[in-house]
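# Descriptive analysis of the structure
Residues per chain are reported as follows:
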Amino acid sequence: MKNNTYFQTMNQISAEFGKAQAQRKAEKDAIRKAGDWAALDAWHEREKGFKYPFTNGQDKAFCAWFESVRDESSTFEVRDLPWDKDTHDFVETLRAAGITEFAVTDQSTALMRLLHLLAAEGCTMQELCKVTRNEICWGYEGTAGHDGILFHTYSNHQNCRHPSGRQLSQLPLSQKLESHQGFLRFWGFGS
């Protein structure tokens, strides 16, 4: 879990974005100090083109990875599920990062709705679980257990194997489509 190149790359991109943003802010401060209001207007206009490189859903997935690694969680742990509108990007980011299972320990009031959204994205609930992690909180330092629900990021048909024996998630798109169409034909959906 710790050496996940996908999330490490996200971390690097985010850090580089932050450095560039700090440089642009220093430039803005110098323009303000000089009192060049036309240049400040141009700076603000140019700044609109510098969008943060990740969606909120991608950020939530990254934060879950970061916290899981930092606190040495026993499994990939999601303490804070994304907003409804960010669930798709969240799940797709987990899949792109190769995360095949995760434990939801979120206890928010929206938990039931979010569990249904995860299912709608093709995630499957597996079982209740216990996640252990290191904690430092209010003078307590040690390992603590947290109740969770274990999910797989792929439903059973998405996790099936290609006739070559390779998992579908590891195949090029053309072979995925070929296998998916074969799956649909097998169950009578399609020609």
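Refer to the structure presented above.
Residues numbered from 1 in each chain as written. Predicted model: local features only at pLDDT ≥ 70, side-chain atom pairs only at ≥ 80, totals over all residues. Heavy atoms only, no water.

## Notes on the overall build of the chain
Here is the rule: Segments assigned H or I by DSSP are reported as helices when at least four residues long, segments assigned E as strands when at least two residues long, and all are numbered from the N terminus. For every residue, the accessible area (1.4 Å probe, protein chains only) is compared with the maximum for its type, and the residue is labelled buried under 20%, exposed over 50%, or partly exposed between those bounds. Residue contacts are counted whenever heavy atoms from the two residues lie within 4.5 Å of one another. Residue exposure ignores everything except the shown protein chains as possible cover, and the areas themselves are Shrake-Rupley values with a 1.4 Å probe.
Looking only at helices and strands, the chain features six helices and four strands. Ordered by position in the sequence, the α and β elements of the chain form the string α-α-α-β-α-β-α-β-β-α. Looking at the chain as a whole, 34% of its 191 residues are labelled buried. Sequence-distant contacts in the chain: of pairs separated by 6 or more residues, those separated by 24 or more amount to 62%. As presented, the chain carries roughly 12,200 Å² of accessible surface, and 55% of it is formed by carbon and sulfur atoms.

## Quick notes on the packing of aromatic side chains
We apply this condition: Each Phe, Tyr or Trp ring, with Trp reduced to its six-membered ring, pairs with another whose centre is within 6.5 Å; inter-plane angles below 30 degrees give stacked pairs, above 60 give edge-to-face pairs, and intermediate values give tilted ones. Definition used: whenever NZ (Lys) or CZ (Arg) falls within 6 Å of the ring centre and also within 35 degrees of the ring normal, the charge is taken to sit over that ring.
Applying the stated criterion across every chain yields a total of ten aromatic pairs. Ring centres of Phe-90 and Phe-102 lie 6.3 Å apart, and the angle between their planes is 90 degrees; this geometry places the pair in the edge-to-face category. Here Phe-90, found in helix H4 (residues 87–96), pairs with Phe-102, found in strand E2 (residues 101–104); they are twelve residues apart in sequence, far enough to count as distant. In this structure, Arg-24 is placed above the aromatic ring of Phe-17, and the distance from its NZ or CZ to the ring centre is 5.7 Å. Note that Arg-24 overlies the ring of Phe-50, its terminal NZ or CZ placed 4.0 Å from the centroid.

## A few points about the sheet that holds strand E3 (residues 124–137)
Put simply, the rule is: Pairing between strands is defined by DSSP: at least two bridges between the two strands are required.
The sheet built from four strands is open, its strands ordered E1-E2-E4-E3 with mixed pairing. Two strands close off the open sheet at either side, each with one partner strand: strand E1 (77–78) and E3. Pairing analysis gives four bridges linking E2 to strand E4 (residues 140–152), with the strands arranged antiparallel. Counterpart to Glu-101 in the pairing with E4 is His-152.

## Details of the environment of Phe-62
Residue placement: Phe-62 occurs in helix H3 (residues 56–70). Residues Phe-62 and Thr-93, spaced 31 residues apart in sequence, show a C-alpha to C-alpha distance of 8.3 Å.

## A short note on the side chain of Thr-75
Counting through the fold element by element, Thr-75 comes out in the loop between H3 and E1. In this structure Thr-75 comes out as buried when scored by relative accessible area, which is 17%. Ignoring anything within four residues of it in the chain, the contact list for Thr-75 reads Met-1, Ser-68, Glu-101, Ala-103 and Val-131.

## With respect to helix H2 (residues 37–47)
Cut-off, in case you're wondering: Arc definition: it is the arc formed by the directions from the helix axis to the C-beta atoms.
When we look at burial in H2, the residues that qualify are Leu-40, Trp-43 and Glu-47. An end-on view of H2 places all buried positions within 55 degrees of arc, on one side of the element. Every exposed residue of H2 that faces more than 90 degrees away from the buried side is listed here: Ala-38, Asp-41 and Glu-45. Each element contacted by the buried residues of H2 is listed here: helix H1 (5–34).

## Quick notes on the pattern of salt bridges
What counts is decided by this rule: The salt bridge criterion pairs a side-chain nitrogen of Lys or Arg with a carboxyl oxygen of Asp or Glu, the two atoms within 4 Å.
Per the stated rule, a full pass over the model turns up 15 salt bridges. Here Glu-77 ties to Arg-79 by a salt bridge, and the two come within 3.6 Å at their closest N and O atoms. Judged by its relative accessible area of 0%, Glu-77 falls in the buried class. Its salt-bridge partner being Lys-130, residue Asp-147 comes within 2.8 Å of it at the nearest N-O pair. Here the residue Asp-147 occupies a position in strand E4, and Lys-130 occupies one in strand E3, the gap between them amounting to 17 residues. Residue Lys-130 is classed as exposed on the basis of its relative accessible area of 52%. The network of salt bridges with common partners includes Glu-67, Arg-70, Asp-71, Glu-77, Arg-79, Arg-133 and Glu-135.

## Considering the environment of Leu-128
Considering the arrangement of structural elements, one finds Leu-128 in strand E3. Classification of Leu-128 as exposed rests on a relative accessible area of 71%. Once the C-alpha coordinates of Leu-128 and Val-104 are considered, the two residues, 24 residues apart in sequence, prove to be 9.5 Å apart. If we ignore the near neighbours within four places in the chain, the residues touching Leu-128 are Gly-148 and Ile-149.

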